[in-house]
Amino acid sequence: MRKRLIVGVAGASGSALALETLRQLAAADIETHLVISDGARATIAHELGADGIVQFTAIAEHVHQAGNLGAPIASGSFRTDGMIVVPCSMRSLAAMAYGLGDNLLVRAADVVLKEKRRLVIAPREAPLHEGHLEAMLRLARMGAVVAPPVPPFYARPLSMDDIIREIAARLVNWAGVDPGERMTRWSGGS
């Protein structure tokens, strides 16, 4: 059976990271279930243009509406291998940390946590206050991988595309999928 991952896109800045993550999962032949929050729709249009949502839906195998709490990914009986939330807004992060499943993105993350599956979140905010940090700690203690999108400068990126590719590859890797050559691996020394 093919691996199946949920990709959640929350309203924080970083639409290009989410799009590249979907591309890498598609290249690895992963069945993807996409859910985009209402806030993310506006961010995607601003960052990627009027056809931004179309770019996402063209890559994802299954697209679920954020308000559809009856979607398969809202149930633990629907088997997935985990979820990546990229970018992850602080609102969505806090809702995940406290089990407030008021939309499909947060409910799907809650299901992934309760079923002990991999949840990788890429929170986008700076600077962080104590409430942000407490919510991240709470999620980490529940088993989530909290992975702010920090570029690995040892990979010597030459462009924004290089940075986006590297960060997405790491998210994919932490979700249990080998990103192959898309991820620069440390080989030691200079």
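Notes on the structure follow. Since the structure is predicted, the reported quantities are computational estimates derived from the model, not experimental observations.

Before going further, it helps to examine the overall build of the protein. Secondary structure assignment for the protein yields seven helices and six strands. In the protein, the succession of helices and strands from N to C terminus is β-α-β-α-α-β-β-α-α-β-α-β-α. Projected onto its principal axes, the C-alpha positions of the protein cover 50 × 40 × 35 Å. Out of the 190 residues belonging to the protein, those deemed buried represent 47%. Only carbon and sulfur atoms are counted for the fraction: they give 53% of the accessible area of the protein, which is about 9100 Å². Here the protein contributes 20 positively and 19 negatively charged side chains, and the mean placements of these two sets differ by 6 Å.

What follows concerns the nonpolar core. Nonpolar side chains in soluble globular proteins tend to end up buried together. By size, the foremost hydrophobic cluster in this structure holds 29 residues, and its most contacted members are Met83, Val85, Met96 and Leu119. Where this core is concerned, the elements lending two or more residues are β4 (82-88), α4 (90-97), α5 (104-114), β5 (118-123) and α6 (130-141). The biggest single contributor to this core is α5, with seven residues. For Met83, the contacting residues outside a window of four places in its chain are Leu5, Ile6, Gly8, Leu105, Ala108, Ala109, Val112, Arg118, Leu119 and Val120.

The next subject is the sheet that holds strand β3 (residues 62-65). Strand order in the open sheet made by the six strands is β3-β2-β1-β4-β5-β6, with parallel pairing throughout. The sheet is open, and its two edges are formed by β3 and β6 (145-146), each paired on a single side. Pairing analysis gives two bridges linking β5 to β6, with the strands arranged parallel. Within β6, the position partnered with Ile121 by the bridge is Val146.

Attention now moves to α5. Taken across its 11 residues, α5 has eight buried, putting it largely inside the fold. Buried residues of α5: Leu104, Leu105, Val106, Ala108, Ala109, Val111, Val112 and Leu113, and no others. Measuring from the backbone nitrogen of Leu105 back to the side-chain oxygen at the start of α5 gives 3.0 Å, which picks out Asn103 as the cap. Count one or two residues on from α5 and you reach Lys116, which has phi positive near 60°.

Okay, the pattern of salt bridges next. Following the criterion strictly, the structure yields 11 salt bridges and no others. A salt bridge links Arg170 to Glu166, with the shortest nitrogen-to-oxygen separation between them at 2.7 Å. Of this pair, Arg170 and Glu166 both sit in helix α7 (residues 160-174), separated by four residues, roughly a single helical turn. One network of salt bridges, with partners in common, ties together Asp162, Arg165, Glu166 and Arg170.

Under the definition given, this model contains one aromatic pair. When the ring of Tyr154 is compared with that of Trp186, the centres are 5.2 Å apart and the planes differ by 80°; the resulting orientation is edge-to-face. Placement of Tyr154 in the loop between β6 and α7 and of Trp186 in the segment after α7 is noted, with a sequence separation of 32 residues between them. For Trp186, a relative accessible area of 56% gives the class exposed.

To continue, consider the packing of helix α1 (residues 15-27) against helix α2 (residues 38-48). The interhelical angle for the contact between α1 and α2, taken along N-to-C directions, is 95°, at an axis separation of 9 Å. As summarised for this structure, α1 and α2 are arranged roughly perpendicular, according to the angle between their axes. Of the residues in α2, those in contact with Ser15, Ala16 and Leu19 of α1 are Thr43, Ile44, Glu47 and Leu48. Among the residues making up the contact of α1 with α2, the classes are represented as four nonpolar, two polar and one charged.

The class for Tyr154 is partly exposed, based on a relative accessible area of 39%. On a C-alpha basis, the gap between Tyr154 and Asp110 in space is 35 Å, while along the polypeptide they are 44 residues apart. Not counting the four nearest positions on each side in its chain, Tyr154 is found in contact with Arg170, Thr184, Arg185 and Trp186.

Reading guide: rules and limits
Within each chain, residue numbers correspond to sequence positions counted from 1 in written order. Confidence filtering applies because this is a predicted model: local features only for residues at pLDDT of at least 70, side-chain atom pairs given and counted only at 80 or more, and all residues used for totals across whole chains, interfaces and linings. Computation of side-chain values: all heavy atoms of the structure, hydrogens and water removed. Each helix is a run of DSSP H or I of at least 4 residues and each strand a run of E of at least 2, with the numbering of both proceeding from the N terminus. Each residue's exposure class comes from its accessible area (1.4 Å probe, protein chains only) as a fraction of the maximum for that residue type: buried when under 20%, exposed when over 50%, partly exposed otherwise. Each accessible area is a Shrake-Rupley estimate made with a 1.4 Å probe; only the visible protein chains count as cover when residues are assessed. His is not counted here, nor are the chain ends, while Lys and Arg score as positive and Asp and Glu score as negative. By convention, the point assigned to a charge is CZ for Arg, NZ for Lys, CD for Glu and CG for Asp. Take the buried residues of types Ala, Val, Leu, Ile, Met, Phe, Trp, Tyr and Cys, join any two whose side-chain atoms come within 4.5 Å, and each joined set is a nonpolar core. Whether two residues are in contact is decided by their heavy atoms, any of which lying within 4.5 Å being enough. Following DSSP output, two strands are said to pair if at least two bridges run between them. Definition of a polar contact: a pair of N or O atoms within 3.5 Å, with one able to donate and the other able to accept a hydrogen when the atoms are protein atoms, and with sequence-neighbouring residues admitted only if both atoms are side-chain atoms. Salt bridges are defined by distance alone: a side-chain nitrogen of Lys or Arg within 4 Å of a carboxyl oxygen of Asp or Glu. Two rings from Phe, Tyr or Trp (for Trp, the six-membered ring) form a pair when their centres sit within 6.5 Å of each other. Planes less than 30 degrees apart are called stacked, planes more than 60 degrees apart edge-to-face, and all others tilted. Only C-alpha atoms enter the line fits that serve as axes; for helices the fit covers just the stretch in contact. Angles between N-to-C directions range over 0 to 180 degrees. Throughout, the term roughly parallel applies to angles under 35 degrees, roughly antiparallel to angles over 145, roughly perpendicular to angles from 65 to 115, and oblique to all others. Each residue gets one of three labels, nonpolar for Ala, Val, Leu, Ile, Met, Phe, Trp, Tyr, Cys and Pro, charged for Asp, Glu, Lys and Arg, and polar for the others, Gly among them.

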